[in-house]
Structure formats: C-alpha cells, structure tokens
Amino acid sequence: MNAHAHPVFDACLKEALALSAEWVPRWLAALGNALLEKEASAVGASEQRSAGQARATLAAYQQRVTEHFLSALSQSLGSVADGEGDLTPVSGRTPPPRLDTLSLDDLELMDHQQVQHTVELARIQQVVKMAVEEELVMLDARLSTARGLTVVSSKANPLHPEAIIGALIRALSKLHIDEEVRVQWLHIGTLPLGQELRRFYRQLVDLLDRWGVQPAGYKVVQTPVGKPADRGASRPRGDSLPVEALSDGNELLTLDHLHQLLVGNVARGAADASDPAQAQEADGMVRSLAVEVVALMLRRIVDDPRLLAPVRDMMLRLKPMLLELARNDPRFFTDRSNPARRLLDVLTERALAFKSERDSGFQAYMQQLRKVVQDLQVPASQLSQRISELLARLVRTDPVTQAPARGLAMQTLMKVEQRNLLAERVATEIQARNDFARAPGVVRRFLTGPWAQVVAQARIQAKAADSLSPGDAPALRYMDALPDLLWSSQHELASLNRPRLIKVIPGLLRTLREGLESIDYPRAQADSFFQALMELQEPAYAARRDDEADMRGLDMSDTWVHPAEARDSGFMDDLQIESQPGFQDTEPMDPEWLRQRQTETTAKPRPLTVGTWVDLRDGGEDLRCQLTWASPHGTMFLFNAANGRSISLTLRGLERLRELGRLTVVADHGLVDDALDEVTRQAFLNSGRR
C-alpha cells in the first residue's frame, strides 16, 4: 500500500512523533521516581544498591535514551510513511520476536539468554496491552479508516505496543550499560510505560476525531463450512469426543519450560540428579511438560477449520496414544523423522486434500483413518512397532504422490524445462546476428519464440541420435534458413533481387513448415504467421504493416509445451488462464471483506514450496491440489489432486492465477507444524502472565 495516497494517515504519524517527544521524557521521569521509591523501600543492602545503581545510570543516560528511543520510532514510522509497510525493525540488534511469527523452530535455535529476553518481552507486552486495551481498539479503528479501509485491521496501526516496545529495546541495546540495569529499567518501567501509552493513544484518537475520521467497522466472520461455531451444538456422533477431553486442567507450560524440554535440559537434570527424589521430581516435570505440549498440539489440530468435522473427531481419538508416546519419548513431536510424528504429519496432510465429505476419495480416506486409530489400540510395548508398520503402509498408498500419472507428468515437465532453457539460449544466438535487428517485429518474435523452440527440439533429438551426419541434421538446416528468412522479410532489400526472392521462397516455406510440424505447433497459428510473412514479401502490403499488427495470431508465451506433453502433464496453458473465470462464490461476498482482502494482499505473495496445498479453479471446476513437484530451475510446477488428476503450470501461469484469485494457498506447511507454533505462542503468553 502506498501510504502517500492517505494524507490523513501521514499527518497522524507526524503528530505521533511530536507527541512521542513529550511522553518519552515523562516516562523516563516516572521510571526514575519508581526506582527512587524502590531504593527507599529496599529491605536489603543488595536490593538497595541495585536500585540505586539503576537510578544513577538512568540519570546519566536519560538524554541518550530519549534520543535513541525517538530515533528508532522516527526511522520506523518514516518507513511506513514511505509506503514500505508497517512498523518494522531497523538496523542494530536482532529484533525481539513477534507473537504472530514466533515458531517452535525459532525457540529451538535460541540460547538460554535469548529465551530469557523473550520471556521478559512477553511480560512487558502483557502488562502494557492490559493498560491500553480500550484505547488501542479505538485507535485501530480510526487508523484503519485513515489508511482507506472500511473494516478494522490491526496491521493498519504501526503504533501497536509490540512496535513501541521493540523500538525501546533497540534503543537500549545501543547503550553500554550493565544487563542488570537494563532489566531493572524494563521491569520497573513497564507500568509507567503502559500509562503513558494509554495517554498517547487517547491523544491520537481525539486528534483523529477532530479531523473527522470515523472509526472503521469490524468484520463479522461467518463460521467456515465444516467447523461448527459451537461443537456442543453440532450433530452428535457416536464416535466423537468433546474438545474439553483434551484439556488436562493444570497448564504449566511457559517459554522457558518449553525451551528446556526442546534442548533436553530438564531431562539432563533428571539424569544428573544425585538425589533419587530430586531425579524423580525432574523426570515427572519432563513428562508433565511433554503431555501438556501434546495435548495443546492436538487441541489446535482438532480446532483447525481446514479439516473436515469427521477427520477432527477421529483425530481426537488419537489422544491416548499420543499421550503415551509423550510419557515415553517426551520430544517425539519435535523430531520430524520420528515415526509417530511422521504418522501424524501424513494423516493431517492427507486430510487437506478434501474440501467436502462428498469429494472423491474422502470415504476411502476415512476408512483408512479409522483403521489406523483401531490398529493403534495396542499395549504400550507394541506401540512403536505398530506405528512404523502403519506409516510404511500409508506412504505406499498415498493417492496424491503415488498417482500413476505423476511419474509421466514429472518426466514430461523435465523435458519441457530442458527444451525451453535451451530455446532461450537459441533465441540469444539468433538475436546476436547482425541482420536480426533490421527484421520486422513479427519475424523477430517468431524467431525468438516458436522457431527457437524448433531449433532446441532438433538439437535435443540430434544429441540423442548420433546416426545423422552433421550436414543432414535438422538443427543445422533450421539455423541455415535464418539468412533467407531475415533477408526476404525486408522489402527494401528483397526488392533489389527479385529473382533470388522467387528462388528461395518455396524452400524456405517448406523448411519453416517442417520445423513447426516437428513441435506440433498449432496449424492455425502457423498459418497466421505464413500469411503475415507473405504480406511482408509483397510490396503492396509493405507500407501498411506495423509490428503490432504483425504479431496477431502468434503464441508468444514464455514456455512452449507440445500438445502431447500438455496431455501427459495436465498442462494449463498461459493464454487460456486469462480467458477463464475466477472462483464462483457459494455465498455472496461482502464487498467490504473483499476490499479488506485486497488491501492485505497487495504485497507480493511468497513463492510456493513443494508440499503446499492450494485451491485452484480450472474452467468450471474447483480443485484442492498439492504442489508435489517443481522443476530444478523453478519454471514448471506440478499439482496433484486426491482424485488422481495432475495439473502443470509455468511460473508465469502460476503467478497469474494467484493474481486473478484463481489459486489460493490453503496450507504452505504442515498442520502439525502450525499447531506446534501455536503451542509456542501460547507458552509465550503464559510467560507474560507469570
């Protein structure tokens, strides 16, 4: 979004910086008073000395803290005003993690100090958010309007507490002060910071009200099909369990605990403890944490609206098995190669193939899922072996990745990519000719498009069959035709030697037709080119032609696919994409929701990775497909559906489908990964409450 299109928003950011120059010194003064009170009320010499040192350091650094803090805010808000997005970290120390991006993988890579900083950040954010909750809601609504939205989006507000706190932490990281002093400032300054931000937000709300900015509305989100708003009110099922059955009541998971579980600190503590009672307590802590993580993970999975209700009900029945695994192998869920983790990944990933219980293959999948749940009802001693057996059986019977046509499609697309890459090099060779630039546009485009494909195909075939002598090789003959084609297409030159023109035309046309037939180039498009070429060679037409008219009827797409290759790979032609309609909504879409979606998707979408599930519209059919293969050079992509159908796209076609809204991402990585990331964020929130 270009923020310059919204002058009210820009003016508000400038006013926010001016107000910050007032409230930041007030906050630092309040922090100094709080430190003085703590020093006076300290019960021990050590506590009094610590508070005194923090207060004295603050007095010495107050001006620099103010400057660094305001500078960090100014740089970040300046990037927003320039249209670069929301408030983002600037140079300096690695920014603190955001709640909406924190993942289990991130946590596993942290050291102990980083975890403690993150826990500290969680506490600060919780306290500040509680202080500004009401004012923040009002500010979000008005800034959404100021940015041209009719529906509230928290992303429209670059002044969220997380952003302000991030700027503060970056500012403090630039000071050479003791870590204990920094911690004291943040710990004691949290409450005054919340109070100042509440006043700050209220001032901005009043300012926007005076400017006549009306608050945006909130979108009422309809319950997704397949996920009842109230599970208790949904149709009862004989094999279903209530979601409440997942909760073990006493949730003790914090970020620090989860990190220790991931890196094995808790388990090592249990093993190293010399006191048996201590070791037993530590071992019990490990098992309790693992059980809570697995229960929270499973709760997130069964709450995921991308899974159909019958699938979620069956996933609930895996709880006893998963909890037993957690007790015996507390970190199985973090090891993506662990058979139990892989089994859970396979089951949830395969479930994403279905949008409706009526989809082809869904009943077969449900029978398979029920059989898995039934086969896992074995004693704990046999569980590991049974899981490995089930996993091997599931992998062999994957209807998407094991589809018979998939192997042929992959081989075909590999050949397509190799030929098109070679065609690009051929086109470069042709463009380097001295006589190329003077040729009419239709001829230049023909030579660097279809004819480059012809030469590339001939070179590939010549390499595979060494029996042809070099003089008879079609690739050489096709390149040898270039001088005559380029010369004859230029009326000024050809008219000077009409006998030569009459002599070369028949052979030239035979060679061109032969070459185009070798790649099964469509007859209609070939005839269109020949008609254009003949008109160029007739003086009566020479004065009336232009490059744009010369290009009619030619397929100028970046990637050429033979008709047989298109059939073998389920190829969706780039040119056909433009002529097909988008998704047909099963329910009327709220125009405001559409506008909000358009606003939030203005950024270029992330590239798709193998394994991504998408909804794709092809003609009148809506398909749930998985990206199962991408060519080595990233120019061709193969999607497979649960019904065995394959669809292949060029990079250009894929990007265009996304732009048109005819290809939308359902899941760009595993549901289990998503669930564990949510568990990590819950631990982050729990840490802030303690």
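Calculation notes
Residues numbered from 1 in each chain as written. Predicted model: local features only at pLDDT ≥ 70, side-chain atom pairs only at ≥ 80, totals over all residues. Heavy atoms only, no water. Helix = DSSP H or I, 4+ residues; strand = E, 2+ residues; numbered from the N terminus. Buried < 20%, exposed > 50% of the residue type's maximum accessible area, 1.4 Å probe, protein only. Contact = heavy atoms within 4.5 Å. Areas by Shrake-Rupley, 256 points an atom, 1.4 Å probe, with all protein chains shown as cover. pLDDT = per-residue confidence, 0-100. Axes fitted to C-alpha atoms, helices over the stretch in contact; angles between N-to-C directions. Parallel < 35°, antiparallel > 145°, perpendicular 65-115°, else oblique. Left-handed = near helix turned anticlockwise from the far one by under 90°. Nonpolar A, V, L, I, M, F, W, Y, C, P; charged D, E, K, R; others polar. Pairing = 2+ DSSP bridges. Phe/Tyr/Trp six-rings, centres within 6.5 Å; stacked < 30°, edge-to-face > 60°. Arc of directions from axis to C-beta. Core = buried A, V, L, I, M, F, W, Y, C linked by side-chain atoms within 4.5 Å. Expected span 1.5 Å × (residues − 1). Salt bridge = Lys/Arg side-chain N within 4 Å of Asp/Glu carboxyl O.

Focus on the overall build of the chain
Thought 1: Each helix and strand counted, the chain has 29 helices and five strands in total.
Thought 2: Looking at the chain residue by residue over its 690 residues, the buried ones come to 47%.
Thought 3: Excluding contacts between residues fewer than 6 apart, the proportion of contacts in the chain whose partners are at least 24 apart in sequence is 75%.
Thought 4: When the accessible surface of the chain is summed, it comes to about 33300 Å², and 51% of that surface belongs to carbon and sulfur atoms.

Here's the deal with the confidence of the model for the chain
Thought 1: Averaged over all residues, the pLDDT of the chain equals 80, while 79% of them reach at least 70.
Thought 2: Ranking the elements of the chain by mean pLDDT puts helix 23 (residues 539-542) last, at 40, and helix 10 (residues 309-316) first, at 94.
Thought 3: Note that residues 540-556 has pLDDT below 50 and, in this model, 34 contacts with residues that lie over four places away or in other chains.

A short note on the packing of helix 16 (residues 441-448) against helix 22 (residues 523-536)
Thought 1: Between helix 16 and helix 22, the shortest axis-to-axis distance is 10 Å and the interhelical angle comes to 140°. Compared by their axis directions, helix 16 and helix 22 come out oblique. Here the hand of the crossing between helix 16 and helix 22 comes out left-handed. On the side of helix 16, the interface is formed by Val442, Val443 and Phe446, while helix 22 contributes Phe529, Ala532, Leu533 and Leu536.
Thought 2: Its residues placed into classes, the contact of helix 16 with helix 22 shows seven nonpolar, no polar and no charged.

Focus: the pairing of strand 2 (residues 621-630)
Thought 1: Extensive coverage of strand 2 is indicated by the burial of seven of its 10 residues.
Thought 2: The hairpin formed by strand 1 (residues 613-618) and strand 2 contains two residues between the paired strands, and Gly619 there has a positive phi angle of roughly 65°.
Thought 3: Between the antiparallel neighbours strand 2 and strand 3 (residues 636-641) lie five residues, among them Gly634 with a positive phi of about 70°.

Quick notes on the packing of aromatic side chains
Thought 1: Under the criterion given, the structure shown has 12 aromatic pairs.
Thought 2: Plain terms: the ring middles of Phe362 and Tyr365 are 6.4 Å apart, the flat faces sit at 35° to each other, and that makes the pair tilted. In this pair, Phe362 and Tyr365 are both assigned in helix 13 (residues 362-375), three residues apart and thus about one turn of the helix distant.
Thought 3: Residue classification places Phe362 among the buried residues on the basis of a relative accessible area of 1%.
Thought 4: Ring-pair connections join several aromatic residues into one group, and the members of that group are Trp23, Trp27, Phe69, Phe200 and Tyr201.

Quick look at helix 7 (residues 255-263)
Given 3.6 residues per turn, any residue in an α-helix points the same way as the ones three and four places further on.
Thought 1: Among the residues of helix 7, Leu255, Leu258, His259, Leu261 and Leu262 are the ones counted as buried. Take helix 7 and look down its axis: the buried residues cluster within an arc of 160°, on one side only.
Thought 2: With its phi angle positive at about 90°, Gly264 sits one or two positions after the end of helix 7.

Some points on the nonpolar core
A general trend in soluble globular proteins is that nonpolar side chains are found buried together.
Thought 1: Within the largest apolar cluster, 70 residues are counted, with the highest numbers of intra-cluster contacts made by Met297 and Val311.
Thought 2: With 11 residues, helix 9 (residues 276-302) is the single largest residue contributor to this core.
Thought 3: When near neighbours in sequence (up to four residues on either side) are disregarded, Met297 contacts Phe333, Leu344, Val672, Ala675, Leu676 and Val679.
Thought 4: Phe69, Leu139, Leu197 and Leu208 belong to the second largest nonpolar core, which has 51 residues in total.

Details of the sheet that holds strand 2
Thought 1: Reading across the sheet, the five strands line up as 4-3-2-1-5 and stay open at both edges, with antiparallel pairing between neighbours. The sheet is open, and its two borders are formed by strand 4 (646-650) and strand 5 (663-667), each paired with just one other strand. For this sheet the average axis-to-axis angle between neighbouring strands, irrespective of direction, equals 40°.
Thought 2: In the sheet, strand 3 pairs with strand 4 via five bridges, with the strands oriented antiparallel. Directly across from Asn640, in strand 4, lies its bridge partner Ser646.

Quick notes on helix 14 (residues 380-396)
Thought 1: Taking 1.5 Å per residue as the helical rise, helix 14 with its 17 residues ought to reach 24 Å, and the 25 Å between its terminal C-alpha atoms agrees with that figure.
Thought 2: All buried positions along helix 14 are accounted for by Leu383, Ile387, Leu390, Leu391 and Leu394.

Quick word on the pattern of salt bridges
Thought 1: In this structure the tally under the stated criterion is 26 salt bridges.
Thought 2: Put simply, Arg142 and Asp209 hold a salt bridge, and the shortest N to O gap is 2.7 Å. Here Asp209 lies in helix 6 (residues 179-210) and Arg142 lies in helix 4 (residues 112-146), a separation of 67 residues in the sequence.
Thought 3: Exposure remark for Asp209: the relative accessible area of 37% places this residue in the partly exposed category.

Section: the packing of helix 11 (residues 319-328) against helix 14
Thought 1: The interhelical angle for the contact between helix 11 and helix 14, taken along N-to-C directions, is 105°, at an axis separation of 11 Å. Classified by the angle between their axes, helix 11 and helix 14 sit roughly perpendicular to one another. Contacts between helix 11 and helix 14 involve Met321, Glu324 and Leu325 on the former and, on the latter, Ala380, Leu383 and Ile387.
Thought 2: Classifying every residue of the contact of helix 11 with helix 14 by side-chain character gives five nonpolar, no polar and one charged.

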